[in-house]
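Now for the letters of each chain:
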Amino acid sequence: MEWVALMVWVLVVSLALPVALGALSGALGLGLQGAAAIGGLALTILFIIFDGPLWMGWAAFAMAVLGILGGLAGADTLTSDERAVSPDLQAAEETEALLLGVQLPLYGVALFCSVCLAVNLATVA
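All of these numbers come straight from a predicted model, not from anything done at the bench.

A word on the overall build of the chain
Argument step 1. The secondary structure content of the chain amounts to four helices and zero strands.
Argument step 2. Reading the helices (α) and strands (β) of the chain from amino to carboxyl end gives α-α-α-α.
Argument step 3. Relative to the 2.2 N^0.38 estimate, which gives 14 Å for 125 residues, the radius of gyration of the chain is 15 Å and therefore close to what a compact globule would have.
Argument step 4. Expressed along its principal axes, the backbone C-alpha trace of the chain runs to roughly 55 × 20 × 20 Å.
Argument step 5. Counting the 125 residues in the chain, one finds 38% classified as buried.

Observations concerning the confidence of the model for the chain
Argument step 1. Looking at the chain as a whole, the pLDDT averages 88, with 97% of positions reaching at least 70.
Argument step 2. Here helix H4 (residues 87–118) is the element of the chain with the lowest mean pLDDT, 89, and helix H2 (residues 28–49) is the one with the highest, 93.

Here we look at a nonpolar patch on the surface
Argument step 1. Taken together, the side chains of Ile45, Leu46, Ile49 and Phe50 define a hydrophobic patch exposed on the protein surface, amounting to about 360 Å² of accessible area.
Argument step 2. The exposure class assigned to Ile49 is exposed, which follows from its relative accessible area of 55%.

Some points on helix H1 (residues 2–20)
Argument step 1. End to end, H1 covers 25 Å across 19 residues, agreeing with the expected 27 Å (1.5 Å per residue, within 8%).
Argument step 2. Buried residues of H1: Glu2, Ala5, Leu6, Val8, Trp9, Val12, Val13, Leu15, Ala16 and Val19, and no others.

Describing the side chain of Glu93
Argument step 1. Along the chain, Glu93 turns up in helix H4.
Argument step 2. Of the residues examined, Glu93 reaches a relative accessible area of 8% and is grouped as buried.
Argument step 3. Discounting chain neighbours no more than four positions away, the residues touching Glu93 are Ser25, Leu78, Arg83 and Val85.

Some details on the packing of aromatic side chains
Argument step 1. In this structure the tally under the stated criterion is two aromatic pairs.
Argument step 2. Pairing Trp58 with Phe61 gives two aromatic rings, centres 5.7 Å apart and planes at 85°, and the pair type is edge-to-face. Separated by three residues within a single helix, Trp58 and Phe61 lie in helix H3 (residues 54–78), roughly one turn from each other.
Argument step 3. Residue classification places Trp58 among the partly exposed positions, given a relative accessible area of 43%.

As for the environment of Leu72
Argument step 1. Relative to the helices and strands, Leu72 is located in helix H3.
Argument step 2. Between the alpha carbons of Leu72 and Gly101 there is a distance of 9.8 Å; along the sequence they are 29 residues apart.

Rules used throughout
- Residues numbered from 1 in each chain as written.
- Predicted model: local features only at pLDDT ≥ 70, side-chain atom pairs only at ≥ 80, totals over all residues.
- Heavy atoms only, no water.
- Helix = DSSP H or I, 4+ residues; strand = E, 2+ residues; numbered from the N terminus.
- Rg over C-alpha atoms; globule rule 2.2 N^0.38 Å.
- Buried < 20%, exposed > 50% of the residue type's maximum accessible area, 1.4 Å probe, protein only.
- pLDDT = per-residue confidence, 0-100.
- Patch = residues over 30% accessible without salt bridge, like charges linked within 9 Å, V, L, I, M, F, W, Y side chains within 5 Å.
- Areas by Shrake-Rupley, 256 points an atom, 1.4 Å probe, with all protein chains shown as cover.
- Salt bridge = Lys/Arg side-chain N within 4 Å of Asp/Glu carboxyl O.
- Expected span 1.5 Å × (residues − 1).
- Contact = heavy atoms within 4.5 Å.
- Phe/Tyr/Trp six-rings, centres within 6.5 Å; stacked < 30°, edge-to-face > 60°.

Quick look at the structure:
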């Protein structure tokens, strides 16, 4: 299961880094979800290297929860009616919203895989 978790976290990070640029336009949750994705990937790699300490699985689970919450906060900011968007940033924010829509379900898969690591449902032995 740890290899599946690693592949899912790599996908999440590959989508999170472009989305995290949205923090520059005022959507701070997008920056938070990018940091959580990198943290989850790092913890999953360390889980594999150190032969599966369960606390790393729980920490990766916490990173997935933090990423989901940050992504939802960023999506709320991107879709807010109260915020003015300049024409220069509109295309970038539309792209960020698209990638975030793909990324949030992957965060759910990463959450499931991280729980599997945390409860020792892994092939490391």
